[in-house]
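Chains, contacts and geometry: an overview
Given next are the chains, with one letter for each unit.
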Amino acid sequence: QVQLVESGGGLVQAGGSLRLSCAASGRTFNMGWVRQTPGKEREFVAAISRSGGSTAYADSVKGRFTISRDNAKNTVYLQMNSLKPEDTAVYYCAAGLFGTTPGSYEYWGQGTQVTVSS
């Protein structure tokens, strides 16, 4: 059984920063972050390979967000800088294939809310 537990969401002003964490149980996976706003489909944000040697980002977050991992702690991070109101969403940690679509992932966390005020 794979469990993914996110933390680190919250309310921040535009231009601010937040760091999300995702603690995973079980074996090491390719990991990703996906976000969703009400009434919209889930949107890929960032991905990282098992080793951490490969990463991928959505164009909308490139240059502002950084995904990283600490395999000794089985934890993945998403550092979010220069946040914009349009980044407001529920952010989900996911595990599975290394991919840039939500369908790449088999396992999902419960989600953490990120709200960026203008």
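Description of the structure in this document. (Residues numbered from 1 in each chain as written. Predicted model: local features only at pLDDT ≥ 70, side-chain atom pairs only at ≥ 80, totals over all residues. Heavy atoms only, no water.)

**As for the nonpolar core**
By size, the foremost hydrophobic cluster in this structure holds 33 residues, and its most contacted members are M31, W33, L78, M80 and Y91. Ignoring sequence-local partners within four residues, the contact set of L78 consists of L18, R19, L20, W33, V45, A46, F65, T66, I67 and Y91. (Core = buried A, V, L, I, M, F, W, Y, C linked by side-chain atoms within 4.5 Å. Buried < 20%, exposed > 50% of the residue type's maximum accessible area, 1.4 Å probe, protein only. Contact = heavy atoms within 4.5 Å.)

**Re unusual backbone geometry**
One can expect most non-glycine residues to show negative phi and most peptide bonds to be in trans. If you check the backbone angles, N74 has positive phi at about 50° while not being a glycine. Taking the relative accessible area as the measure of exposure, N74 reaches 17% and is therefore buried. A positive phi angle, near 50°, is found at S82, a position not held by glycine. As for its position among the elements, S82 is in the loop between β8 (75-80) and β9 (89-96). (Helix = DSSP H or I, 4+ residues; strand = E, 2+ residues; numbered from the N terminus.)

**Quick look at the pattern of salt bridges**
Evaluated as defined, the whole model comprises four salt bridges. Of the charged contacts in the structure, one is a salt bridge between E43 and R35, with a shortest N-O distance of 2.8 Å. Judged by its relative accessible area of 34%, E43 is partly exposed. Several salt bridges share partner residues, and in doing so they unite R35, E43, R64 and D87 into one network. (Salt bridge = Lys/Arg side-chain N within 4 Å of Asp/Glu carboxyl O.)

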